[in-house]
Amino acid sequence: MSAIFDGYEREYCDLSTQLGRKINQLGALAGDSRNQKARDITNDLSEADALIRRMDLEARSLPPDKKNPLLSKLREYKADLSKLKSDAKKSTSTNPDLSNRAELGLVGDSWSASSAAQRERLLQTTDRINRTGDNIRQSKQTLLETEELGVNILQDLHRQRETITHARDTLHGVDDNILKSRKILSVMARRIMQNKAIMFGIIAMLVGSIGLVVYFKFIK
């Protein structure tokens, strides 16, 4: 089938199994452990989405006889991922008040120094994640621009190759015409020489005839 698709498929199956296990564990957790597990699930779901997209692109790049079975299999993986997302949403939405209070660093009815520090660290981590996301998006944009530039360069090279090929064919045609012209000129030159020889022969015959006439008429 496709070694690349098979690699993505193995990664997705392993990741799907891990996601199912983490989602089941989420209901028994609370506080920071629950929030960390929820973030892990979100990251794994994003990675699973990326694997699905890669499998889709790889499958669509194959010939129809190989592409269709893979797309059928891919539809099953998409349905599986949709169920995982639904289960994750249900699990993370359980006891939202507790999750929101833990995420904001609230314990009981009052702030504590440790909670404020945790909240500050959370904000810093979120900021770093956002910056990393921006950098990734910029890198993807740069990669896309570079890929587009490469495609344009290849197209220009293809056009230049066609131009060079056409010019070469034209030069071959010119060479053929030159050879034909040389042959024609050679034939014309030979004919000119033949005509000159005939003309000189005729002149010689006329001079001889005149000489004979003068000899016989005046001398004898």
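Residues numbered from 1 in each chain as written. Predicted model: local features only at pLDDT ≥ 70, side-chain atom pairs only at ≥ 80, totals over all residues. Heavy atoms only, no water.

When you go through the protein chain residue by residue, the secondary structure sums to 5 helices and 0 strands. Counting contacts in the protein chain only where the partners sit at least 6 residues apart, residues at least 24 apart contribute 65% of the total. (Helix = DSSP H or I, 4+ residues; strand = E, 2+ residues; numbered from the N terminus. Contact = heavy atoms within 4.5 Å.)

Let us now look at the packing of helix α1 (residues 3-26) against helix α2 (residues 31-60). Viewed as axis vectors pointing N to C, α1 and α2 meet at an angle of 155°, and their least axial separation amounts to 9 Å. One finds that α1 runs roughly antiparallel with respect to α2. As α1 runs across α2, the sense of the crossing is left-handed. Tallied by class, the residues present in the contact of α1 with α2 amount to 16 nonpolar, 1 polar and 10 charged. (Axes fitted to C-alpha atoms, helices over the stretch in contact; angles between N-to-C directions. Parallel < 35°, antiparallel > 145°, perpendicular 65-115°, else oblique. Left-handed = near helix turned anticlockwise from the far one by under 90°. Nonpolar A, V, L, I, M, F, W, Y, C, P; charged D, E, K, R; others polar.)

Further remarks concern the packing of aromatic side chains. Tallied over the full model, the rule gives 1 aromatic pair. An angle of 55° between the planes, with centres 5.2 Å apart, marks the rings of Tyr 12 and Tyr 77 as tilted. Residue Tyr 12 is located in helix α1, and its partner Tyr 77 is located in helix α3 (residues 64-93); the two are separated by 65 residues in the primary sequence. Across the pair, exposure class does not vary: Tyr 12 and Tyr 77 are buried alike. (Phe/Tyr/Trp six-rings, centres within 6.5 Å; stacked < 30°, edge-to-face > 60°. Buried < 20%, exposed > 50% of the residue type's maximum accessible area, 1.4 Å probe, protein only.)

Counting 22 residues, the largest nonpolar core has Tyr 12, Leu 19, Ile 41, Leu 45, Ile 52 and Met 55 as its most contacted members. Of all elements in the fold, only α1, α2 and α3 reach the threshold of two or more residues within this core. Here this core gets 8 residues from one element, more than from any other, and that element is α2. If we skip the residues at most four places from it in the chain, Leu 45 touches Leu 19, Leu 81, Leu 84, Lys 85 and Ala 88. (Core = buried A, V, L, I, M, F, W, Y, C linked by side-chain atoms within 4.5 Å.)

So, on to the pattern of salt bridges. The tally for this structure, following the rule as stated, stands at 7 salt bridges. Here Asp 44 and Lys 22 are joined by a salt bridge, their closest N and O atoms 2.6 Å apart. In this pair, Asp 44 sits in helix α2 while Lys 22 sits in helix α1, placing the two residues 22 residues apart along the sequence. There is no split in this pair, since Asp 44 and Lys 22 are both buried. Close ionic contact of Arg 159 with Asp 156 constitutes a salt bridge, the shortest N to O distance being 2.1 Å. Highlighted residues: Arg 159 and Asp 156, both in helix α5 (residues 113-219), separated by 3 residues, approximately one helical turn. Of the residues examined, Arg 159 reaches a relative accessible area of 45% and is grouped as partly exposed. (Salt bridge = Lys/Arg side-chain N within 4 Å of Asp/Glu carboxyl O.)

The next subject is the UniProt feature "transmembrane region" (unreviewed entry) in the protein chain. The sites that carry the UniProt feature "transmembrane region" (unreviewed entry) are, in the present numbering, residues 197-218. Secondary structure across residues 197-218 comprises 100% helix and 0% strand; the distance between its end C-alpha atoms is 31 Å. (UniProt positions renumbered as here; feature names shortened; annotations may be inferred.)

With 30 residues, α3 should reach 44 Å at 1.5 Å per residue; the first-to-last C-alpha distance of 42 Å fits that figure. Those residues of α3 not exposed but buried are Leu 70, Leu 71, Leu 74, Tyr 77, Leu 81, Leu 84, Ala 88 and Ser 91. Each element contacted by the buried residues of α3 is listed here: α1 and α2. (Expected span 1.5 Å × (residues − 1).)

Let's shift gears to the packing of α2 against α3. As a packed pair, α2 and α3 sit with axes 10 Å apart at the nearest point and diverge in direction by 165°. Taken together, the axes of α2 and α3 are roughly antiparallel relative to one another. For the pair α2 and α3, the sense of crossing is left-handed. Residues Arg 34, Ala 38, Ile 41, Leu 45, Ala 48, Asp 49, Ile 52, Met 55, Asp 56, Ala 59 and Arg 60 of α2 pack against Lys 67, Leu 70, Leu 71, Leu 74, Tyr 77, Lys 78, Leu 81, Leu 84, Lys 85, Ala 88, Ser 91 and Thr 92 of α3.

This paragraph deals with the side chain of Ser 91. The residue Ser 91 is located in helix α3 in this model. If we ignore the near neighbours within four places in the chain, the residues touching Ser 91 are Ile 23, Leu 26 and Arg 34.

On to a nonpolar patch on the surface, then. Taken together, the side chains of Ile 210, Leu 212, Val 214, Tyr 215, Phe 216, Phe 218 and Ile 219 make up a nonpolar region of the molecular surface, amounting to roughly 750 Å² of accessible area. Mapped onto the elements, Ile 219 comes out in helix α5. What makes Ile 219 exposed here is its relative accessible area of 60%. (Patch = residues over 30% accessible without salt bridge, like charges linked within 9 Å, V, L, I, M, F, W, Y side chains within 5 Å. Areas by Shrake-Rupley, 256 points an atom, 1.4 Å probe, with all protein chains shown as cover.)

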